Amino acid sequence: MVETLPPLVSQLCDLLQNPELPAQLASAIQGADSRQEGLYLRIDASFIHASQQGNEQPGAGFNLGCIDLRNGVIVPAGDAGSLPTPASSPDERGEYDQAQSEPNLGSMPSPDLNDCRPSKRHKTVGGLQLPASRSKHQRYGAKIRPTQSCPSDSSSGGSNQSTKSIRQFESDTRFPQRAKPGAGLEPPVLEPTSTDRLIAGIWKQIYSSVELSRDFSDIKPSFNIRSAPSLEVFKSVNALCLRYYNRSQSSRALEMVVQAFWVECFEARTAVLRYDKPILSKTESRMIAIREACVVLGWKEKDLRNRMAIWRGYKEIKDYGGWAALVFASAGVYRFCKYRSEFGQELFSRLRHVRSSLEVAADTLHQGWRNLLRVVQQDVPTVYDGHPHGWVITDDDAAIPLASTYGHLNLPDGFKYKFIDHCILDEKAFGAKDPRRAPEIDPEICYLCHERQSDNVTGNNCLCFSTVFGGEKGHVPVQVFRTPNGKNNGVVARCPFPRGTALAEFTGLITTGIEGRDVMIGGSKNRTYQIYQGEMGNFTRFINHSCRPNSQFQRFYWRGIERILVVSKGVEAGQEVTVDYSDRYWRELEKGCLCGEGCCRFVRKGL
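Read on for a plain summary of the structure. (Residues numbered from 1 in each chain as written. Predicted model: local features only at pLDDT ≥ 70, side-chain atom pairs only at ≥ 80, totals over all residues. Heavy atoms only, no water.)

### Notes on the overall build of the protein chain
Within the protein chain one finds twelve helices and 19 strands. Across the 607 residues in the protein chain, those meeting the buried criterion constitute 44%. Counted over contacts in the protein chain with a minimum sequence separation of 6, partners at least 24 positions apart contribute 69%. Roughly 32900 Å² of accessible area belongs to the protein chain as shown, and the carbon and sulfur atoms make up 52% of that amount. (Helix = DSSP H or I, 4+ residues; strand = E, 2+ residues; numbered from the N terminus. Buried < 20%, exposed > 50% of the residue type's maximum accessible area, 1.4 Å probe, protein only. Contact = heavy atoms within 4.5 Å. Areas by Shrake-Rupley, 256 points an atom, 1.4 Å probe, with all protein chains shown as cover.)

This is the structure in structure tokens:
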């Protein structure tokens, strides 16, 4: 495509030594040809002194003229005024929409670097493809601009050999910067309600590493912790602290389970008293039952009535949200039930809505939590087992297996998917050589923050994406859910992901040569590979496309190996996680986008 530039423009590019300009101009010419519009390159000049070099405000400038990029004809400066004035920025032209899209069909291909477009930002910080011609100092600098390139499009196999089948995702090379505090006027944000905080606390506790158990055997350190403060002693004290923390959390959960069950027994005892003595009113029978309880508890009636209001709140949370909602309720549930300011249909409706979701997460992440219910002689078997993302949340009462949602594919052996935490190398395609390794990247030093990288948490200093690399890993608070608009499955966030937070790595089979299927393209022009998630991967396979995404695909080098991450642009709890699959994915795809956004760029294909 670069060879189509007029000779004069090519000479100008060589003179200015700008390797990115030819690709940008070629892309702009292609877009103008598709719209049957004229495209001109306007050349301005200004005089600056040697002392002014590098300043952002040079001296007064003047126009030298324009070049018609379609035929190379020079338009003098006097005639350039009649030409259409170009937009001052890509956003004004509407020509360079950020695009990376895919409806939820299966896997999500990697960022493609063929779509070369100017960036509105002057600083590029993350996910760079490093040009081999640059010096080492330039490669590791913060202001590197990637040279975008990718292998030529290949036609899909099958009966129609003339139809292209490009189903490849692209990654954004611009890292979503964290917002600076106090920068600009921030819009007003509503404070979360007590109900919001209650449900958020339940989700946070479920996705924590707490271990709940009814076994309160004697907890002792492994050896003398009163000896010298060595590393072994410190580790032993940490383990002791963790065990007692888990014990306290278990005790708190058991206490609420028993107290919620007490309310059920109290109401049953009141009903029995009224049945035995029909002359008693409801209030009188309640007072008799309270006195009976106080004899055993040794409390005053007033104290018991005050506690009963809180215990009744526990029971209502259990009735509408299930036992999982109560067991994993945070410490704030006591205050929430004490004041009962937001108890009502809105709370009950929200608890009913997330009931099956809570049970899926609790059963798959905390397999023994239902043993706590045996304290009230309720033996409930585990309903959901296996991987947390092997179940799809629906609007109905129960979740359904992931495989059942792909019955429309009519696969011979059914839908099979293996969840993996790390990519698997296809040795038939690459042997033992990992194509993701970049020889120009120091495997010990992060090319972004210049800190040491290590898989050992204590020896790692790189905190660029500590939730994925170099830090303690926890369960990602997301779930697969059934979308209501025909996109099949999607991914919903259960906890907020601040801007710049990595949700997970895009994992799958590292291979090459796949056509006509969703793949992620990685590497560079001389080092290309594909990540295929057809039969293995993680939840990133089910992230849907949106023309207004709240996340993006991002390249990052961890210990010299290129990784594709899904990085948040600001995802709130309860939102669907979306990315932009890019124009390249949709260009030859015979289907329309279902994102439903007002700025949707591809809905016309489905009409």
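Still more to cover.
### Remarks on the sheet that holds strand S18 (residues 561–568)
Read from one edge of the open sheet, three strands run S11-S18-S17, paired in antiparallel fashion. The two strands at the open ends of the sheet, each matched to only one other strand, are strand S11 (502–505) and strand S17 (551–558). Across this sheet, the average inter-strand angle for adjacent strands is 35°, counted without regard to direction. Bridge analysis of S11 against S18 gives three bridges, and the strand direction is antiparallel. Paired with Glu505 across the bridge in S18 is Leu565. (Pairing = 2+ DSSP bridges. Axes fitted to C-alpha atoms, helices over the stretch in contact; angles between N-to-C directions.)

### What about the side chain of Asn550?
The topology assignment puts Asn550 in the loop between strand S16 (544–545) and S17. Using a relative accessible area of 11% as the deciding quantity, one classes Asn550 as buried. At a separation of 2.9 Å, a polar atom in the side chain of Asn550 contacts the main-chain carbonyl oxygen of Glu576. Those residues in contact with Asn550 that sit more than four places away from it in its chain are Ser568, Lys569, Gly570, Val571, Gln575, Glu576, Val577 and Thr578. (Polar contact = N/O pair within 3.5 Å; in protein donor to acceptor, adjacent residues only side chain to side chain.)

### A word on the packing of aromatic side chains
Applying the stated criterion across every chain, the model contains 22 aromatic pairs. Considering the side-chain rings of Phe336 and Phe343, the 5.2 Å spacing of their centres and the 40° angle between planes classify their relative orientation as tilted. Of the residues examined, Phe336 reaches a relative accessible area of 8% and is grouped as buried. By relative accessible area, which is 17% here, Phe343 ends up buried. Grouped by ring-pair contacts, the aromatic residues Tyr447, Phe465, Phe469, Phe556, Tyr557 and Trp558 constitute a single cluster. Above the face of the Trp299 ring, Arg307 is positioned so that its terminal group lies 4.2 Å from the ring centre. Here Arg541 stacks its cationic end above the ring of Tyr406, 5.8 Å away from the centre of that ring. (Phe/Tyr/Trp six-rings, centres within 6.5 Å; stacked < 30°, edge-to-face > 60°. Lys NZ or Arg CZ within 6 Å of the ring centre and 35° of its normal.)

### Brief notes about the packing of helix H6 (residues 231–276) against helix H7 (residues 282–297)
At their nearest, the axes of H6 and H7 sit 9 Å apart, and the two run at 125° to each other. When the axes of H6 and H7 are compared, the pair comes out oblique. Classified by chirality, the crossing of H7 by H6 is right-handed. For the pair H6 and H7, contact is made by Trp262, Phe266, Arg269, Thr270, Leu273 and Arg274 and by Lys282, Ser285, Arg286, Ile288, Ala289, Ile290, Glu292 and Ala293, respectively. In terms of residue class, the contact of H6 with H7 is built from seven nonpolar, two polar and five charged. (Parallel < 35°, antiparallel > 145°, perpendicular 65-115°, else oblique. Left-handed = near helix turned anticlockwise from the far one by under 90°. Nonpolar A, V, L, I, M, F, W, Y, C, P; charged D, E, K, R; others polar.)

### With respect to the pairing of strand S10 (residues 489–493)
Within S10, five of the five residues are buried, which leaves it mostly tucked inside the rest of the structure. Covered by surrounding structure in S10 are Asn489, Val491 and Ala493 together with Gly490 and Val492, the residues of both alternating faces. By the bridge criterion, five bridges tie strand S9 (residues 478–482) to S10 in an arrangement that is antiparallel. Counterpart to Val478 in the pairing with S10 is Ala493.

### Notes on the environment of Ser568
Checked against the element boundaries, Ser568 lands in strand S18. Using a relative accessible area of 0% as the deciding quantity, one classes Ser568 as buried. Each C-alpha atom of the pair Ser568 and Gln552 lies 6.6 Å from the other, and the pair is 16 residues apart in sequence. For Ser568, the side chain forms a polar contact with the main-chain oxygen of Pro498, separated by 3.4 Å. Within the structure, the side chain of Ser568 is placed 2.8 Å from the backbone nitrogen of Gly570, a separation counted as a polar contact.

### Here's the deal with the sheet that holds strand S8 (residues 424–425)
Backbone hydrogen bonds hold the strands of a sheet together, and the pairing may be parallel or antiparallel. A sheet is described by the order of its strands in space; here five strands give the open sequence S4-S13-S14-S12-S8, paired in mixed fashion. Each edge of the open sheet carries a strand with a single partner, namely strand S4 (168–169) and S8. As paired strands, strand S12 (residues 509–511) and strand S14 (residues 527–532) are joined by three bridges and run antiparallel to one another. When the sheet's bridge partners are listed, Thr511 is paired in S14 with Gln530.

### As for the packing of H6 against helix H8 (residues 301–327)
In contact at an axis separation of 8 Å, H6 and H8 are set at 110° when each is read in the N-to-C sense. By the angle between their axes, H6 is roughly perpendicular relative to H8. Of H8, the residues touching H6 (which contributes Arg252, Ala253, Met256, Val257, Gln259, Ala260, Trp262, Val263, Glu264, Phe266 and Glu267) are Leu304, Met308, Trp311, Arg312, Tyr314, Lys315, Lys318, Asp319, Trp323, Leu326 and Val327. Split into classes, the residues belonging to the contact of H6 with H8 amount to 14 nonpolar, one polar and seven charged.

### Quick look at the pattern of salt bridges
Once the charged atoms of two side chains with opposite charge are near each other, the side chains can pair. Applying the stated criterion across every chain yields a total of 23 salt bridges. The partner of Lys318 in a salt bridge is Glu264, and the shortest N-O contact between them spans 2.3 Å. Of this pair, Lys318 sits in helix H8 while Glu264 sits in helix H6, placing them 54 residues apart in sequence. Residue classification places Lys318 among the buried positions, given a relative accessible area of 10%. Looking at Glu264, the relative accessible area reads 27%, which means it is partly exposed. One salt-bridge network, held together by shared partners, links Glu264, Lys315, Lys318 and Asp319. (Salt bridge = Lys/Arg side-chain N within 4 Å of Asp/Glu carboxyl O.)

### Some words on a nonpolar patch on the surface
On the surface, Phe47, Phe62 and Leu64 cluster together to form a nonpolar patch covering roughly 340 Å² of accessible area. Note on placement: Phe62 falls in strand S2 (residues 61–68). We classify Phe62 as partly exposed; its relative accessible area is 37%. (Patch = residues over 30% accessible without salt bridge, like charges linked within 9 Å, V, L, I, M, F, W, Y side chains within 5 Å.)

### As for unusual backbone geometry
Although it is not a glycine, Gln377 adopts a positive phi angle of roughly 55°. For Gln377, the location among the structural elements is in the loop between helix H10 (345–365) and strand S5 (391–393). Among the residues examined, Gln377 registers a relative accessible area of 77% and is labelled exposed. One non-glycine residue with positive phi stands out, namely His450, at about 65°. Here His450 is to be found in the loop between helix H11 (427–430) and S9.

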